[in-house]
Amino acid sequence: MLQTHFCRPILWHLTLVTAGIWFVSPALNHSVHAQISTEEGVVVTAEEVPSAYGAPPGLSRSRFSNAVNAYVLPPWSFFFGELYEGQGFRHGPPDHLFTQEIEMGLPYRFNVAAEAQFERFNGGGGAQTVSLEARWALADWNKIPLNPTIFAEYKFGVGTIRHEEVPPPPAGGGQEEEEEGGPPKVPDAYEVRLLLAQEFFGRIEWAMNWFFEKENTGDRGREWGFSQAAMTPVLLPNERLKVGIEMEYKNVTTKDTRGDPLNSFVIGPTLAWKPTAQTRVDVSPLFGVTDDSPIADVFVAFSWLFGGERGEAEAPVSSRFRYYTDASYSRSRKDSGKEMKQVAYVPPCPEWYGDREWNVNLWGTYAFTNTDFAPNPSLVDIVQSTSEGGPVLGTYDRYIGGDHGWGGGGDIKYFFCRYAGIGVEGFALDAHKPGFDIFEDQAVPLFVHRRINHNHTIGAVLGTLTLRYPIPCTRFAPYAWAGVGAIFGGGERDTLHTQGPPDAFEVNAQTEHFGSETKVLGQFGAGLEIRFARHIGWTNDLSFGVIDGPRNNFGMIRSGLNFAF
């Protein structure tokens, strides 16, 4: 991160404090009153999703709004989200971030999640981080004021830093170093949050996050702040449309700028629309109000929550979500001052997965390497450094060749029991790798130096073992798999041989080109299958491939359709 100078008016700080107090004070007051009143269990039979431990359905989705999380999911429910964030800066081109997340609710108010983030900036792009998350709510809904939830996340850096969070230095500062050494790798980081949430007056939902994040390496950036949002339903029935306000404050420093932080504060409207009972679209155009803030920070998210139909059938929820299904009770209006519990017939669970079945899976894939992309040094520097005995060729991937590759593949598996199967898998990647062709002869004299690009298709075939666990009474089956086989088509490389004094313009130099190699490949991963029907499912997983040393290893994200017979 780069150091910057800015002004921090006293009036702006007072605005932040006032905004925080304005949101938190009614939450504390309302939550205390909530402890005094008690109500018997009721049933959610409307189109809303199940309640998480008594929370209103709007606060049972895990992601409350685009920038705010809240509480936990109902047990054995699943949340899928696709989030876009576009930041328009005052000092350069816009930054585009794409986040994919999957979250699962567990008993005892636990959640686990995985997340992958991709970036597109200034003509380049690729994977940035892969995250593992966990959260735990301290108590059932309304048992503790503000319903606190603990959130922890670890981020694995898998790409290169394409954009710093602070403005760039003056022209010329540090640019030569970046060109020679290549862009730095995204560091690993950890983040902790305190999630708070509450409902007011039976119509307003509010959530607030306090967060702290720290990078483990690099410039050891630190980030702390808060985000909060409040929403209320309008116009459409069944709370299909909600509007509100959302804000986020960040304080960012590096190891060199601890006393001179960057302060970013954005605020704006937020809208949530539910096309169906299980899907939701969120839009939040937020606008910067400080010199360090982006001009605009626009969020658009699509999420899908399903499962856990029977997880909380008798949980107490907000009064605006109470629906009775007993028609005779409604007509007679007897005991109108009391609550009731639904007693419903529960049909037998459908069988979505067979004890023995064949699976044919077709998928698309994105592969990313665990080393930096080729720094692309000067060809003259390559000759000079090679003649001195220390070639400047970078630490880029040696087999796939670049920092990523797109492709596709498929596999055939036979499950000899409900929980285990064996199979064969194959995939192909469209990869490319920069190279060079150098020839220098002092006798002629002749000095030819040009860049080349190795475009190649990489393929692999593996035998696999898959373990899965179809969750009873749901369409979901988490799975883990491992395989061993061969990978071919990659590994091209260029080596320079020099003779003569350590001077780039007085040596004899010649490039030796090496073709592709076949290597042993080991691969392992985990994912989740969702059955739309008995014979058709959707699979998503993350895996890692190991090829003869850390400079060849790679990660792979897959998504595809599975056909079961």
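Summary of the structure given here.

The rules behind these values
Residue positions within a chain follow its written sequence, with the count starting from 1. Per-residue local features of the predicted model are confined to residues with pLDDT of at least 70, and side-chain atom pairs are confined, for both listing and counting, to 80 or more; whole-chain, interface and lining totals are unaffected and use all residues. Computation of side-chain values: all heavy atoms of the structure, hydrogens and water removed. Centres within 6.5 Å make a pair out of two Phe, Tyr or Trp rings, where for Trp the six-membered ring is used; the pair is then stacked when the planes are under 30 degrees apart, edge-to-face when over 60, and tilted otherwise. Numbering of helices and strands runs from the N terminus, with a helix taken as a DSSP run of H or I at least four residues long and a strand as a DSSP run of E at least two residues long. To sort residues, take the accessible area from a 1.4 Å probe on protein chains only and compare it with the maximum for the residue type: under 20% means buried, over 50% means exposed, and anything in between is partly exposed. Comment: the charge-over-ring label is applied if NZ (Lys) or CZ (Arg) is within 6 Å of the ring centre and within 35 degrees of the ring normal. Buried Ala, Val, Leu, Ile, Met, Phe, Trp, Tyr and Cys residues form a nonpolar core when they are joined through side-chain atoms within 4.5 Å. The contact definition used throughout considers only heavy atoms, calling two residues in contact when any of these lie within 4.5 Å. When a carboxyl oxygen of Asp or Glu lies within 4 Å of a side-chain nitrogen of Lys or Arg, that pair is called a salt bridge.

Overview of the packing of aromatic side chains
Per the stated rule, a full pass over the model turns up 19 aromatic pairs. For the ring pair Phe80 and Trp538, a centre distance of 5.8 Å and an interplane angle of 35° mean the geometry is tilted. Of this pair, Phe80 sits in strand β1 (residues 77–88) while Trp538 sits in strand β21 (residues 536–546), and the two are 458 residues apart along the sequence. Trp538 gets classed as partly exposed once you look at its relative accessible area, which sits at 24%. Among the aromatic residues, those joined into a ring-pair cluster are Phe80, Trp304, Phe532 and Trp538. Its end group placed over the ring of Phe415, Arg468 keeps NZ or CZ at 3.8 Å from the ring centre.

Focus on the nonpolar core
In terms of nonpolar packing, the biggest core is built from 16 residues, with Leu59, Phe64, Ala70, Tyr71, Trp141, Ala197 and Ala207 touching the most fellow members. Membership of the second largest hydrophobic core comes to 15 residues, among which are Ala460, Leu462, Ile487 and Leu521.

Quick notes on the environment of Glu191
With respect to the helices, strands and loops of the structure, Glu191 is situated in strand β6 (residues 189–200). Its relative accessible area of 6% is what places Glu191 among the buried residues. Through-space distance from the C-alpha of Glu191 to that of Ala152 is 5.9 Å; in sequence the pair is 39 residues apart. Apart from the residues within four sequence positions on either side, Glu191 is in contact with Phe151, Ala152, Glu153, Lys155, Phe211, Phe212 and Glu213.

Let's talk about the pattern of salt bridges
Tallying each qualifying case throughout the model produces 19 salt bridges. Across the salt bridge formed by Glu103 and Arg135, the nearest N and O atoms sit 3.2 Å from each other. Here the residue Glu103 occupies a position in strand β2 (residues 95–106), and Arg135 occupies one in strand β4 (residues 124–137), the gap between them amounting to 32 residues. Arg135 carries the same exposure label as Glu103, and that label is buried. The residue Glu213 makes a salt bridge to Lys155 at a minimum N-O spacing of 3.3 Å. Note that Glu213 is positioned in strand β7 (residues 204–215) and Lys155 in strand β5 (residues 149–157), a separation of 58 residues in sequence. In the salt-bridge network here, residues are joined through shared partners; they are Glu153, Lys155, Glu191, Arg193 and Glu213.

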